[in-house]
Amino acid sequence: MGRRRPGTPTLEEVAAHAQVGRGTVSRVINNAAGVRESTRRAVQQAIDELGYVPNLAARSLAGRRADAVALVMTEPDWRQFAEPFFSEIVSSLGDALTDTGIQLLLTLVRSDAERQRFLEYARGGRVDGVLLMSVHAGDPLPDMLAEARMPTVLLGRRSGDEYVSYVDADNIGGARSAVSHLLQRGRRVIATITGPLDLYAAQCRLRGYQEALASAGLEGERTRVAESDFTAESGRRAMAELIERHPDIDGVVAASDTTAAGALEALRAAGRRVPEDVAVIGFDDFPLAQRTEPRLTTVRQPIEEIGRAMVRLLLEEMEEGAVAWRHVILRTELVVRDST
């Protein structure tokens, strides 16, 4: 199982220290039956005194669990990790795993070499399953994990992801409800600031925006769409471009709360009042939404429920094997505040 580090005790050394056979030590480590309590205590004492750490890969090959799952982030832009969405998701997944005894390992995979290295790591028995987030279009990692028969659950999905389990929010419905709210408030020149359009969630939010305008008999002009990368800076830049192209804009739906916060700054710099001149809606409902000026109307994603559902699906795959792929879409909710 690889070269032993100098000074690392072996199974044989533990056996000699406890004055038992190698097989007895193995049975104690694997919590097998048929070992006298006095012998079990002697082996455990030897393990503690020598500082022996069981080889998890070897235990996996013997049918044991690693008792760990990997949370893999595939976002290539380091700035994205400063966004609230990532910390909220990590927190919700950690909470969902609290009572399971399973460790959550955070892993960054951003290149072909890192994908291959992680695949070998996962196939070597170091983790029992994988939670994937921020998967962009064309990323082969979900397919690589599927071919390796590694239990995997995606946060969100790629277009056409039928053969992998995933948990997603109703991005189309959430964006549709945001536009409908603005229409009910009498807004008619409504723009949108999207997320990166190689993310399926961003595509769905754009689709919901377009569908809501079409249902109201309003044509959604392409020039009223500006792309961002979910950051505040990209929100400021996109909003400034939209104001220049369409000075008569009276409503904006942004693809994240952070992007919306940037849009608010751009509107303020342009002398536009919110909501009197332009109403603004975000997406997420993070604490940031209640700290903006004015407080932000937003589409709430059920982050805690997403974390629980991802963990539940992954544990089911780990226990039951490849029975079926599960697709869970959770409802969103429009939270109305001062910005509309």
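Our subject is the structure listed above.
The following refers to the structure shown. Small disclaimer: the values here were computed from a predicted structure and weren't measured. (Residues numbered from 1 in each chain as written. Predicted model: local features only at pLDDT ≥ 70, side-chain atom pairs only at ≥ 80, totals over all residues. Heavy atoms only, no water.)

### Brief notes about the packing of helix H8 (residues 171–184) against helix H9 (residues 200–215)
Where H8 meets H9, the closest approach of the two axes is 7 Å, and the angle between their N-to-C directions is 40°. Like other packed secondary-structure pairs, H8 and H9 cross with a definite hand, here right-handed. Here H8 contributes Asn171, Ile172, Ala175, Arg176, Val179, Ser180 and Leu183 to the contact with H9, which in turn contributes Ala201, Cys204, Arg205, Arg207, Gly208, Tyr209, Glu211, Ala212 and Leu213. (Axes fitted to C-alpha atoms, helices over the stretch in contact; angles between N-to-C directions. Helix = DSSP H or I, 4+ residues; strand = E, 2+ residues; numbered from the N terminus. Left-handed = near helix turned anticlockwise from the far one by under 90°. Contact = heavy atoms within 4.5 Å.)

### Considering the environment of Thr340
In this fold, Thr340 is placed in the segment after strand E12 (333–335). Spatially, the C-alpha atom of Thr340 lies 7.2 Å from that of Ile281, the residues being 59 residues apart in sequence. Dropping the residues within four chain positions of it, Thr340 is found in contact with His181, Leu182, Arg185, Pro275, Ala279, Val280, Ile281 and Thr297. For Thr340, the side chain forms a polar contact with the side chain of Thr297, separated by 2.8 Å. (Polar contact = N/O pair within 3.5 Å; in protein donor to acceptor, adjacent residues only side chain to side chain.)

### Things to note about the pattern of salt bridges
All chains considered together, the criterion is met by 17 salt bridges. In this structure, the salt-bridge partner of Asp139 is Arg115, at a minimum N-O distance of 3.1 Å. Remark: Arg115 occurs in helix H6 (residues 112–126) and Asp139 occurs in the loop between strand E3 (129–133) and helix H7 (141–147); sequence separation between them is 24 residues. The class of Asp139 is buried, set by a relative accessible area of 7%. Residues participating in the shared-partner salt-bridge network are Glu233, Arg236, Arg237 and Glu265. (Salt bridge = Lys/Arg side-chain N within 4 Å of Asp/Glu carboxyl O. Buried < 20%, exposed > 50% of the residue type's maximum accessible area, 1.4 Å probe, protein only.)

### Some points on the packing of helix H10 (residues 232–245) against helix H11 (residues 257–269)
Contact pair H10 / H11: the axes reach a minimum separation of 7 Å and the direction vectors enclose 50°. If you check the angle between H10 and H11, you find them oblique. Like other packed secondary-structure pairs, H10 and H11 cross with a definite hand, here right-handed. Across the interface between the two elements, Ala232, Gly235, Arg236, Met239, Ala240 and Ile243 of H10 pack against Thr258, Thr259, Gly262, Ala263, Glu265, Ala266 and Leu267 of H11. Of the residues contributing to the contact of H10 with H11, the split by class is seven nonpolar, four polar and two charged. (Parallel < 35°, antiparallel > 145°, perpendicular 65-115°, else oblique. Nonpolar A, V, L, I, M, F, W, Y, C, P; charged D, E, K, R; others polar.)

### Overview of the pairing of strand E1 (residues 68–73)
If a strand is regular, its side chains alternate between the two faces of the sheet. Counting buried residues in E1 gives six out of six residues, a clear majority hidden from the surface. Every second residue of E1 is oriented toward a common face, with Ala68, Ala70 and Val72 on one face and Val69, Leu71 and Met73 on the other, all of them buried. When E1 meets strand E2 (residues 103–108), the two strands line up parallel, connected through six bridges. Following the sheet pairing, Val69 is matched in E2 by Leu104. (Pairing = 2+ DSSP bridges.)

### Thoughts on the nonpolar core
Residues Leu131, Val167, Ile306 and Met310 are the most contacted members of the largest nonpolar core, which totals 25 residues. Mapped onto this core, the elements with two or more residues apiece are E1, helix H5 (84–97), E3, strand E4 (152–155), strand E5 (165–169), helix H12 (303–320) and strand E11 (327–330). Sequence-distant contacts of Met310, that is, excluding residues within four places in its chain, are made with Leu93, Leu131, Leu132, Val153, Leu154, Leu155 and Val167. Among the nonpolar cores identified, the runner-up in size contains 21 residues, and Val189, Ile249, Val278 and Val280 belong to it. (Core = buried A, V, L, I, M, F, W, Y, C linked by side-chain atoms within 4.5 Å.)

### Here's the deal with the environment of Arg149
Here Arg149 lies in the loop between H7 and E4. Residue classification places Arg149 among the exposed residues on the basis of a relative accessible area of 71%. Arg149 sits 26 residues away from Arg123 along the chain, and the two C-alpha atoms are 9.0 Å apart.

### Some thoughts on the sheet that holds E2
The strand order across the open sheet formed by six strands is E2-E1-E3-E4-E5-E11, and the pairing between neighbours is parallel. Both outer strands of the open sheet, E2 and E11, are each paired with one neighbouring strand and no more. Adjacent strand axes in the sheet meet at a mean angle of 20°, parallel and antiparallel pairs treated alike. In this sheet, E11 lies alongside E5 in parallel orientation, the contact comprising four bridges. Pairing of Val167 across the sheet is with Val328, part of E11.

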